[in-house]
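Report on the structure
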Amino acid sequence: MPFPSLDRRKFLALTGGTLGAAMSSQLLGAPTAAEAVELDPAPFTLGVASGEPDHESVVLWTRLCADPFDVDTGGIPAEPVTVRWELARDEDFRHVERSGEVAAVPESAHTVHVLTEGLKADRWYWYRFQADGVHSRIGRTRTLPEPGRNADRMRFAFVSCQSWAGGPYPAYRDLATQDVDFVVHLGDYIYETSKGSLAEFRRLYALYKTSPDLREAHARFPFFHTWDDHEVQNNYAAGVPGGAGDGRPFLERRANGYQAFYEHLALRGAQRADGPDALMYRTLKYGRLAQFNILDTRQYRSDQALGDGRKEPTDEVHDESRTMTGPDQERWLLDQLDRSPARWNVIAQQTIMAAFDYDLGPRMNVNLDQWDGYPAARSRILDFIAERRPSNPVVLSGDWHTHWVNDLKTDFTDPDSPVVATEFVGTSISSGAGWDDDVRQGLGANPHVKFYNGSYRGYVLCDVTKERWRSDLRIVLNPRDPASPAHTIASFDVRDGVPGARRRRDDGDGAVGRIADRWGRPLRNVAVTVADQAGTLIADTTTDPSGEFIAFAPAGTYEVTANGVGYEPVIREVTVRRSGATKVELRLERTTAAYAATGRTVPGPQSEGTTSDIVLGNDLLALAVSAGSNDSQLPNVTAGKPRDLAAVGHLDQLDWLNLPYASTARPRGGNAWQQLTVRSGAVDIVNAGGTSAVVRATGASTQVPGLDVVTTYTVTRGEPWVLAESVFTNRGAAEQTFWTGDVIDHDGLGQRTGVPGTGIVTAGTPADFIPAAPWIGMTGLDGQTYGLVYDDTAFTAYACGIWVMSQRQVTLPPGATFTLRRRIVAADNRDSADPFAVLGEL
């Protein structure tokens, strides 16, 4: 039967029109938009693929889909279609080794899986399909070395997390140019929608495979696949849904997701779904060089403890019966590790195995969807590795959209605990990482993390010999640019018989550096920005606990700025080489005077101020007061209010301080914090610096007639606070009674509210508290406490878990004034069990 062709215009519309840019800047081996149509003509618009090779067989795949726009049929009549296939030793098909015919049936969305057997070991082959006289593009695949034979070298890549919304896959464009034997996909091949029908899952796979770069990678290399959560539903656990869907029973959704997964990927029949069940864990043997144990950490896991999320672990989390893999798969894994004769023993799985504590203080805060939510199961595996010592264990992980290199230990709380295995976590192909700042701030509490970068998308390229394992962490500069160049951000080696990765310091491209003080001591939490000569921001990052940073930029000349609280900013012109690492070493001088200035910002993940605002600072803290920016939560009253605040060695996490307010009614309810009752018409620098610096905000109440409000902010050299004095003056002819005070709003990770005499407030509904000392406070997970310390305790604290406000009633006769005096504090809480004790010491 004749199939309709997919014209070039329709193809470009289908792929979002993003491919035109690719035609002007091509990478070797990757097709242009025009070539993509010619390489994958209808009905082979979704390309060809191969997968699951062993030493004598491999699976070939395609789907007949004349029109990916057609959700119901793909443009193929609802009847079987005969597809011919060929596999040859050469690209010209002069030496055809195997051939045959197979029926593509509508019950399987006209997908084709051909298991070609009886092949030679360790050899490349070429293959193609034909239907109704139309040939598919030619794909390339290979078999693996025989399990008992020596193999000198293995090159492969591992990938994960390719949200269609994240960009047109330039990471696959780069991967397609590499010389690898195979690719391991660790899950999140698609991202689900609220709909859970089989038709919807099939639509998503068809959509994702319209990417010419993804199709090119599939056509060049065989893939091994496992799934994570988004192939069904975010953070699902076994039969427990991870969120709301379209109302259908969850196991029906899972069955649909599993069926579409098998249909659209080159998997063996053993992985075919049987309703809501499918066998996904299995081994991959590459001669005697390596054995891969590919896991399924979704289908059999216990439900996430404590309702999921990032929380402090409890006894429920540590329950010995909790499992990530299910008991059968866990026993299988340990048996495979115990019996393996391979030099390198790989565990290829989904989520981060290493512990990671987001709380820099004495408490803990962990991600309950990762192995941190299943610590007993993790310990059983790592303790087994420590006891039985399988050769060179290496764990490959995905899920978290960021690059990591981790030492795996039996006791992550003990820095001296021996390293038993190495973990490489690959960043995403395209999915974003909104939690990057949270991770960066927590690095100081996790010394077993040897490398972290969350700024870029990409994958990991591995080169393995008997003597060493090398991982190159590949990145693309812009996932939304289909022609974005790719680079190696860092390279690590693991030596045979020596667990733990070592960085190859001379490898990797772009700008890397270290920030230190004048004596060479490393400075953490220093913001580093890279801008080109036109002033366009290229990179924005912060230093880790060792003072190091990676602020990647392609070859060129840039302005690098280092900005740390308590230190004078440094600007340096840097020329980045075309290849190899360009090292940047900067020394910062401690601020010696108080200052108030525009053109500066307070560094931090929650920082909202702009260079038009005024930053007050000294050697101990920095505070930004709005002088031009506007917060959507405080519309038209943002001016004159503090936006960002941080202590030396820390980053801003504060949302803002609503300081002060003047309301005719006592603030009540969940939106009490959103006081729009003082508007400043002018914000001026009164004293730019020296021993002290002063900023004044002049305004009036929006509710109390005739009430002027002037707030003066003063920072003094050597004092760990900014003094704020608000003077309320009744300019009217009548007596006025109003409520006043301030609000601290903290939207950073792990918000905790402190009221003296009450302890930590965690409730979601606000309530009244009588403070036992004259302060209110907030803290997060970065060892930093925010507070307002008043002259007296003549106020009530009204608080919930994420904000706190002071409330006092004031009556002013005509012409009278009232002064509200408090100190704005940001201080290191020294990892105290009571993070608010520092406020009582001021």
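So, on to empty space enclosed by the protein. This structure, assessed with the given rule, holds six cavities of 30 Å³ or more. Empty space within the largest cavity amounts to approximately 80 Å³. Lining the largest cavity, in full, are Asp359, Gly361, Pro362, Arg363, Arg752, Thr779, Gly780, Gly783, Asn829, Ser832, Ala833 and Pro835. Class assignment of the residues belonging to the lining of the largest cavity gives a composition of three nonpolar, six polar and three charged. For the second largest cavity, the calculated volume is near 70 Å³. As for the second largest cavity, its lining consists of Asn563, Gly564, Val565, Gly566, Tyr567, Thr591, Tyr595, Arg600, Thr601, Val602, Pro603 and Ala622.

Right, let's get into helix α9 (residues 375-388). The terminal C-alpha atoms of α9 lie 20 Å apart, and with 14 residues this matches the ideal 20 Å at 1.5 Å per residue to within 8%. Where α9 is buried, its residues contact α8 (327-339), β15 (344-348), β17 (393-397), β18 (403-409) and β19 (419-425). Immediately beyond the C-terminal end of α9, within one or two residues, lies Arg389, with a positive phi of roughly 55°.

Quick look at the packing of aromatic side chains now. One pass over the structure, following the stated rule, counts 30 aromatic pairs. Judged by centre distance (4.8 Å) and plane angle (80°), the rings of Phe356 and Tyr358 are edge-to-face. Here Phe356 matches Tyr358 in class, with each residue buried. With 5.9 Å between their ring centres and 20° between their planes, Trp775 and Phe836 make a pair best called stacked. Here Phe836 lies in the loop between β50 (817-828) and α11 (837-840) and Trp775 lies in strand β46 (residues 775-779), a separation of 61 residues in the sequence. Under the relative-accessibility criterion, Trp775 is labelled buried at 8%. Its relative accessible area of 3% is what places Phe836 among the buried residues. Ring pairs connect the aromatic residues Phe156, Phe182, Phe224, Tyr286, Phe292, Trp344, Phe424 and Trp469, which therefore count as one cluster. Its guanidinium or amino end placed over the ring of Trp61, Lys209 lies 4.4 Å from that ring's centre, counting from NZ or CZ. One cation-aromatic arrangement involves Arg600 over Tyr595; the distance from NZ or CZ to the ring centre is 4.0 Å.

Parameters and conventions
Residues numbered from 1 in each chain as written. Predicted model: local features only at pLDDT ≥ 70, side-chain atom pairs only at ≥ 80, totals over all residues. Heavy atoms only, no water. 1 Å grid on protein atoms, 1.4 Å probe; cavity = no way out; pocket = protein on both sides within 12 Å on 5 of 7 lines; lining within 4 Å. Points joined across faces, edges and corners; volume = space filled by probe spheres on them. Nonpolar A, V, L, I, M, F, W, Y, C, P; charged D, E, K, R; others polar. Helix = DSSP H or I, 4+ residues; strand = E, 2+ residues; numbered from the N terminus. Expected span 1.5 Å × (residues − 1). Contact = heavy atoms within 4.5 Å. Phe/Tyr/Trp six-rings, centres within 6.5 Å; stacked < 30°, edge-to-face > 60°. Buried < 20%, exposed > 50% of the residue type's maximum accessible area, 1.4 Å probe, protein only. Lys NZ or Arg CZ within 6 Å of the ring centre and 35° of its normal.

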